[in-house]
Amino acid sequence: MKKRKCVKCGASLTDEDIMKMEFDDGSWETIPLPTCPDCFAKQILEGAVH
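None of the values given here were measured: they were computed from a predicted structure.

Asks: Sorry, what's going on with the side chain of Thr35 here?
Replies: Here Thr35 is to be found in the loop between β4 (28-32) and α1 (37-49). Those residues in contact with Thr35 that lie beyond four places of it in its chain are Cys6, Val7, Lys8, Leu13, Phe40 and Gln43.

Here you go:
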């Protein structure tokens, strides 16, 4: 996997910075996150406040 950086703060992302989604048919898809865990959490919290 190529080196990725957080689109918000520029922190290096690892292969573990992903989201897994399970579909109704039982299949899974792995989606690389564009942000680091800290920025992701901040983004979720900001969405919950607004």
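Asks: Would you take a moment to explain the pairing of β4 for this structure?
Replies: Along any regular strand the residues' side chains alternate between the sheet's two faces. Direction of pairing for strand β3 (residues 18-22) relative to β4: antiparallel, over a ladder of five bridges. Opposite Met21, over in β4, you have Glu29 as the bridge partner. The antiparallel pairing of β3 with β4 creates a hairpin that spans five residues between the two strands, and Gly26 there sits at a positive phi of about 90°.

Asks: For this particular structure, what's the right way to read the side chain of Asp17?
Replies: Locating Asp17 in the fold gives a position in the loop between β2 (12-13) and β3. Despite its burial, Asp17 remains without a salt bridge, the nearest opposite charge being carried by Arg4 at 4.9 Å. If we ignore the near neighbours within four places in the chain, the residues touching Asp17 are Arg4, Ser12, Pro32, Leu33 and Pro37.

The rules behind each value
- Residues numbered from 1 in each chain as written.
- Predicted model: local features only at pLDDT ≥ 70, side-chain atom pairs only at ≥ 80, totals over all residues.
- Heavy atoms only, no water.
- Helix = DSSP H or I, 4+ residues; strand = E, 2+ residues; numbered from the N terminus.
- Contact = heavy atoms within 4.5 Å.
- Pairing = 2+ DSSP bridges.
- Buried < 20%, exposed > 50% of the residue type's maximum accessible area, 1.4 Å probe, protein only.
- Lys, Arg positive; Asp, Glu negative; His and termini not counted.
- Salt bridge = Lys/Arg side-chain N within 4 Å of Asp/Glu carboxyl O.

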